[in-house]
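Examining the three-dimensional arrangement
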Amino acid sequence: MSGSHARCGRFLPGTPLAERFWAKVDRGDESGCWLWVGARNRDGYGHISIDATKRATASRVAWELHNGPIPSGMLVCHHCDMPPCVRPDHLFLGTHSDNARDCFAKGRRAAPMNAGERNPARKLSISDVAGIRKRLAAGEKRREIAIAHGVSPTQIFNIAHGICWASVDAGWSQHESHSCLARENASGVTHA
Ligand SMILES: [Zn+2]
């Protein structure tokens, strides 16, 4: 462990990423999920500082630490459907369309974490998303669109970036949510 900051995900110069990362994982029992106990986003996904300016999604970091670089455009998905899980053998790579198919096939609704916060997103239908995209294209502010649709500005951001809409009528997918963070950090993960 590297001091109190290791618990809160703050970047500590000189501390290897792998060390900081695994210090924030509760491995529980051998057969179960390994849960991220550091910072999480509203959907329950862990995140960690890669350097002083970049963050990455914990499950993507777990994959890269275990398997090497994630091929461009690929998502890190969960077999276990547990957003905070970073156990490498519970993770698999998929494309956006694989992920959308997987979501529909599993009939996935909200993930078990933070279900209350996710409720607003489930109000959105595919046609809502189409409408939101039109409003974005017309230059409307995300915040105003979010209020009009009763969702968070973050969800509008996700739609604006074309990531999360595919699974919208199956509930917001944790896989898609992964990519929302990871998109900003996809090239930022280094290997210890
Ligand atoms: Zn798991």
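Residues numbered from 1 in each chain as written. Predicted model: local features only at pLDDT ≥ 70, side-chain atom pairs only at ≥ 80, totals over all residues.

Moving on: the overall build of the protein chain. Each helix and strand counted, the protein chain has 8 helices and 6 strands in total. Reading the helices (α) and strands (β) of the protein chain from amino to carboxyl end gives α-β-β-β-β-α-β-β-α-α-α-α-α-α. The 192 residues of the protein chain split such that 39% are buried. Sequence-distant contacts, at least 24 apart, represent 58% of the contacts inside the protein chain between residues at least 6 apart. (Helix = DSSP H or I, 4+ residues; strand = E, 2+ residues; numbered from the N terminus. Buried ≥ 20, exposed ≤ 12 C-beta atoms within 10 Å, placed from the backbone. Contact = placed C-beta atoms within 7 Å.)

Within the largest apolar cluster, 21 residues are counted, with the highest numbers of intra-cluster contacts made by A58, V61, A62, C85 and V86. Only α1 (17-22), β2 (35-36), α2 (58-67) and β5 (75-78) provide two or more residues apiece to this core. It is α2 that contributes the most residues to this core, 4 residues altogether. Residues within four places of V86 in sequence aside, it is in contact with V25, W34, W36, G46, A58, S59 and A62. Core analysis: the second largest hydrophobic core is formed by 5 residues, V129, I132, I145 and I156 among them. (Core = buried A, V, L, I, M, F, W, Y, C linked by C-beta atoms within 7 Å.)

Taking burial as the measure, the 10 residues of α2 include 7 buried ones, the bulk of the element. The complete set of buried residues in α2 reads A58, S59, R60, V61, A62, W63 and E64.

Another point: unusual backbone geometry. Backbone geometry at D81 places phi at a positive 60°, although glycine is not the residue there. When the 17 C-beta atoms within 10 Å are taken as the criterion, D81 is described as partly exposed.

Among the structural elements, A62 can be located in helix α2. When the 25 C-beta atoms within 10 Å are taken as the criterion, A62 is described as buried. A62 has contacts with V86, P88 and L91, leaving out every residue within four places of it along the chain.

With respect to the helices and strands, L35 occurs in strand β2. For L35, a count of 21 C-beta atoms within 10 Å corresponds to the buried category. Sequence separation between L35 and P83 is 48 residues; the distance between their C-alpha atoms is 8.7 Å.

Once that is clear, we can look at the environment of A146. Looking at where A146 falls in the secondary structure, it is placed in helix α6 (residues 142-149). For A146, a count of 19 C-beta atoms within 10 Å corresponds to the partly exposed category. The spacing of A146 and I132 is 14 residues in sequence and 8.7 Å in space, taken between C-alpha atoms. Setting aside residues no more than four positions away along its own chain, A146 makes contact with V151, S152, P153, Q155 and I156.

So, about the confidence of the model for the protein chain. Across the protein chain, pLDDT averages 71, with 59% of residues at or above 70. Under a pLDDT of 50 for its full length, residues 164-192 has, in the predicted model, 91 contacts with residues more than four places off or in other chains. (pLDDT = per-residue confidence, 0-100.)

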